Structures are given as structure tokens and as C-alpha cells.
Amino acid sequence: MRTLHGLAHAGHTRVRRAHQKRCAVRTLPGLKANWASPADVKTAFAKASILKDGRVVFNIAGNKYRLVVWINYTYRVVYIRFIGTHAQYDQIDAQTI
């Protein structure tokens, strides 16, 4: 899967600094994945939240951070739409960001 950066990266620098190794390990399977459907994502990441229209929410670092992506299953592309703390996530609409 290809990963493309999206629009909102609230606190991205802090997340990278504080949990760079942990995040890298967590996202590595996604980079090598070949997800064709939301079921494939759920198989790989059982705790991921599947939203409408290809949106998926991942919990990072014990649910301290949230990662919202939009997956184009046809082209096997993951678009990063938001990464931030749980409190910052609560202030957005994951379906429209």
C-alpha cells in the first residue's frame, strides 16, 4: 500500500518525537499490506474502527493518539487524514476531515 499525507497533523511532531519507534512498528504492517476491503484491515488490526466510505481510525500508543486514514481499496492507497492526541481527535469529525 502507498501512504500519502493528508491535511491535518495536529501534534504530529510531538507524536513522532515521543513515539517514533512505537509508531513505526505499528504502521509497518500497513505499508506492506494489500488490503482489498475493510475486512482485511480488521483482520490485521482487530481494534481498528471502520467508518463509512473507507475511513479507518487506529489507536496508537495505548489509545493516547489517534490516526485517521482514508483507504482507496481499488488503488491500494492509504491517505493520512489526521494524527493527534485523543483529546484533539474528540474535537474533529473523523468522517469529514
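Residues numbered from 1 in each chain as written. Predicted model: local features only at pLDDT ≥ 70, side-chain atom pairs only at ≥ 80, totals over all residues. Heavy atoms only, no water.

Things to note about the overall build of the chain
Quick reminder of the rule: Per the convention used, a helix needs a DSSP run of H or I reaching at least four residues, while a strand needs a run of E reaching at least two, with both numbered from the N terminus. Relative accessible area decides the class of each residue, using a 1.4 Å probe on protein chains only: under 20% of the type maximum gives buried, over 50% gives exposed, and in between gives partly exposed. Contacts are residue-level and defined by heavy atoms, with any inter-residue pair within 4.5 Å sufficient. The method behind every accessible area is Shrake-Rupley, applied with a 1.4 Å probe, and residues are considered shielded solely by the protein chains displayed.
On a plain count of helices and strands, the chain comes out with three helices and five strands. For the chain, the succession of helices and strands along the chain, N to C, is β-α-α-β-β-β-β-α. Per-residue burial over the chain gives 36% buried out of 97 residues. Restricting to contacts in the chain with at least 6 residues of sequence separation, those with at least 24 account for 46%. In the structure as shown, the chain presents an accessible area of about 5900 Å², 55% of it carried by carbon and sulfur atoms.

What about the side chain of R66?
Selection rule: Charge assignment: positive for Lys and Arg, negative for Asp and Glu; neither His nor the chain ends contribute. The salt bridge definition used is simple: a Lys or Arg side-chain nitrogen within 4 Å of an Asp or Glu carboxyl oxygen. The definition of a polar contact used here is a pair of N or O atoms within 3.5 Å, where within protein one atom must be able to donate a hydrogen and the other to accept one, and adjacent residues in sequence count solely through side-chain atom pairs.
In this structure, R66 sits in strand β4 (residues 65–72). Lacking a salt bridge, the buried R66 has D90 as its closest oppositely charged neighbour, with an N-O distance of 5.5 Å. Here N59 takes part through its side chain, which lies 2.7 Å from a polar atom of the side chain of R66. A polar contact is formed between the side chain of R66 and the side chain of N63, at a distance of 3.0 Å.

A look at the pairing of strand β5 (residues 77–85)
This is how the line gets drawn: At least two bridges found by DSSP between two strands are what make those strands a pair.
β5 sits mainly inside the fold: seven of its nine residues count as buried. If you look at the hairpin formed by β4 and β5, you'll find four residues sitting between the two strands, and R76 has a positive phi there, around 55°.

Things to note about the packing of aromatic side chains
Rules: For Phe, Tyr and Trp, rings pair up if their centres lie within 6.5 Å, where Trp contributes its six-membered ring, and each pair is then called stacked (planes under 30 degrees apart), edge-to-face (over 60) or tilted (otherwise).
A full pass over the atoms with the stated rule returns four aromatic pairs. Here the aromatic rings of F45 and F58 are separated by 5.2 Å at their centres, their planes lie at 80°, and the arrangement is edge-to-face. Residue F45 is located in the loop between α2 (38–44) and β2 (49–50), and its partner F58 is located in strand β3 (residues 55–60); the two are separated by 13 residues in the primary sequence.

Quick notes on unusual backbone geometry
A positive phi angle, close to 55°, is found at D53, a residue other than glycine. Topologically, D53 is positioned in the loop between β2 and β3. Phi at R76 takes a positive value of approximately 55°, unusual for a residue other than glycine. With respect to the element layout, R76 can be found in the loop between β4 and β5. The exposure class assigned to R76 is partly exposed, which follows from its relative accessible area of 28%.

Observations regarding the pairing of β4
Counting buried residues in β4 gives seven out of eight residues, a clear majority hidden from the surface. Taken together, the six bridges between β3 and β4 define a ladder with antiparallel strand orientation. Counted as the bridge partner of N59 is R66 from β4. What sits between the antiparallel neighbours β3 and β4 is a turn of four residues, in which A61 has the positive phi angle 55°. Sheet analysis places β4 next to β5, joined by eight bridges and oriented antiparallel. The residue bridging L67 from the neighbouring strand is I83, located in β5.

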